[in-house]
Amino acid sequence: MAIPFHKEIRIGAYLLKQKMLGRKRYPLVLMLEPLFRCNLACVGCGKIDYPDAILNRRMSAQECWDAAEECGAPMVAIPGGEPLIHKEIGEIVAGLVARKKFVSLCTNALLLEKKLHLFKPSPYLFFSVHLDGLRDHHDKAVSQKGVFDKAVKAIKAAQDAGFAVNVNATIFDGHSAEDIAAFLDYAKEMNVGVSISPGYAYERAPDQEHFLNRKKTKELFRKVFELGKGKRWKFMHSTSFLDFLAGNQEYECTPWGMPARNIFGWQKPCYLLGEGYTKTFKELMETTDWNSYGTGKYEKCANCMAHCGYEPTAADAAFNNPLKALWVSLRGVRTSGPMAPEIGLDKQRPAQYVFSSQVQMKLSEMRKAEAEERAKNTADAA
Ligand code: SF4
Ligand code: SF4
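This one's a predicted model, so the numbers in the text were calculated from it and none came from an experiment.

Visitor: Break down the side chain of K362 for me, with residues and values.
Guide: Looking at where K362 falls in the secondary structure, it is placed in helix α14 (residues 355-381). At a separation of 3.1 Å, a polar atom in the side chain of K362 contacts the main-chain carbonyl oxygen of I263.

Encoded structure:
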């Protein structure tokens with residue numbers, strides 16, 4: 001199933017409305033993480049390093065729908081953890097589709113074939129299958145043999161059942177441009193769009209050696225795009241974002257463009273970085289000190305070029321300067337010549353390490369809520 005044209009129209013209309021209303025900050029995609037539990041343990045993952053009590057928590061379907069309405073973004077991406085483990089995932093997706101949200105369900109695809117019956121093909125629903133490269137590369141990235149073959153089989157089954165499928169690839173240091181190009185050729189053969197992003201250097205990821213810095217990212221993507229000339233790979237990104245990956249644009253990130261809601265609440269400041277949580281989306285937007293995040297401002301942001309921070313910036317740039325974006329689309333991403341100036345890191349504030357205190361706070365809250373529930377049940381029974 002092709003990506004429906006009306007998706008672009010709806011998103012364009014949404015952007016226009018935000019501009020006309022004079023809004024400075026608005027979300028484009030809600031990153032909804034209804035659970036952190038996963039059935040894989042990838043070495044570059046920064047999402048699953050929690051105690052069991054937290055991995056066992058789920059957002060209810062109602063909480064998911066409320067989050068989508070509160071946020072108002074036209075698209076909802078459901079990463080995780082592995083969302084297909086959530087028992088109510090079919091209802092959650094159906095409820096979001098009924099609210100006319102474009103849903104991108106991100107999955108490592110191990111459970112996809114078994115759970116396809118929970119979903120109905122719709123122009124509003126896309127499966128986004130985690131594939132970090134071709135067979136050997138992907139199986140190594142997810143630390144388990146056979147996952148690539150299972151994912152490819154599931155992609156074909158989903159396509160045969162009428163679903164739209166994309167793949168999402170996270171790129172780490174050591175992945176050669178030639179291998180990435182071969183992977184993109186393969187994705188084209190499979191007729192799937194690709195979303196691709198350099199891995200964010202999660203402080204809790206088991207493998208800290210292989211995160212790309214910005215310089216290496218730009219050099220790598222230049223080589224990849226050079227190899228792709230004339231091949232018409234189908235990226236699920238704006239050409240402005242691809243131009244940024246190739247070092248041709250000096251963008252600052254837009255952390256509120258893809259806000260994250262998970263079992264802790266609304267995450268400050270972005271999907272990649274958990275520096276605090278708020279109860280409501282409004283509170284997130286109004287109380288986050290946005291100026292204290294981003295490359296050049298905060299040590300943890302130094303090497304970030306991830307799509308969730310920079311795709312909204314690219315979308316905004318394309319909206320403000322459509323001719324420039326069109327020119328890049330027609331001519332292709334420039335892969336040689338000088339790069340745009342890099343943001344200096346000399347004024348960035350040092351990293352703050354708040355992970356343990358956040359987890360501790362959540363565990364205390366959960367224990368308090370459980371104790372209150374027990375006390376209520378005892379009182380009701382008396
Ligand atoms: S599949 Fe995704 S959520 Fe699960 S461990 Fe791998 S990167 Fe993390
Ligand atoms: S640079 Fe922006 S998107 Fe990246 S981690 Fe920092 S705040 Fe988040």
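Visitor: Describe the environment of K100, and please don't skip the residues or the numbers.
Guide: Relative to the elements of secondary structure, K100 occurs in the loop between α4 (89-98) and β3 (102-107). Take K100: its relative accessible area is 47%, and that puts it in the partly exposed class. Considering only alpha carbons, one finds K100 and M75, 25 residues apart in sequence, at a separation of 8.9 Å. Apart from residues no more than four positions distant in its own chain, K100 is found in contact with R10, P74 and Y124.

Visitor: Lay out the environment of C45 with the relevant residues and their values.
Guide: Mapped onto the fold, C45 is located in the loop between β1 (29-32) and α2 (52-55). Note: C-alpha distance between C45 and A381 (336 residues apart in sequence) is 45 Å. Beyond its immediate sequence surroundings of up to four residues, C45 is in contact with Y202, R204, A205 and P206.

Visitor: Describe the domain arrangement of the protein, listing the residues and the values that go with them.
Guide: Each assigned domain of the protein is listed with its residue range as follows: domain 1 (5-351) and domain 2 (354-381). Computed over C-alpha atoms, the centres of domain 1 and domain 2 are 32 Å apart. Taking both partners together, domain 1 and domain 2 bury about 950 Å²; carbon and sulfur atoms supply 70% of that area. It is R57, R204 and F264 in domain 1 that bury the most area against domain 2; as a group they hold 36% of the surface buried on that side. Put simply, domain 1 and domain 2 have zero salt bridges between them.

How each quantity is defined
Residues numbered from 1 in each chain as written. Chains lettered and ligands numbered in written order. Predicted model: local features only at pLDDT ≥ 70, side-chain atom pairs only at ≥ 80, totals over all residues. Heavy atoms only, no water. Helix = DSSP H or I, 4+ residues; strand = E, 2+ residues; numbered from the N terminus. Polar contact = N/O pair within 3.5 Å; in protein donor to acceptor, adjacent residues only side chain to side chain. Buried < 20%, exposed > 50% of the residue type's maximum accessible area, 1.4 Å probe, protein only. Contact = heavy atoms within 4.5 Å. Domains from an automatic or database assignment. Buried area = accessible area lost by both parts, 1.4 Å probe. Salt bridge = Lys/Arg side-chain N within 4 Å of Asp/Glu carboxyl O.

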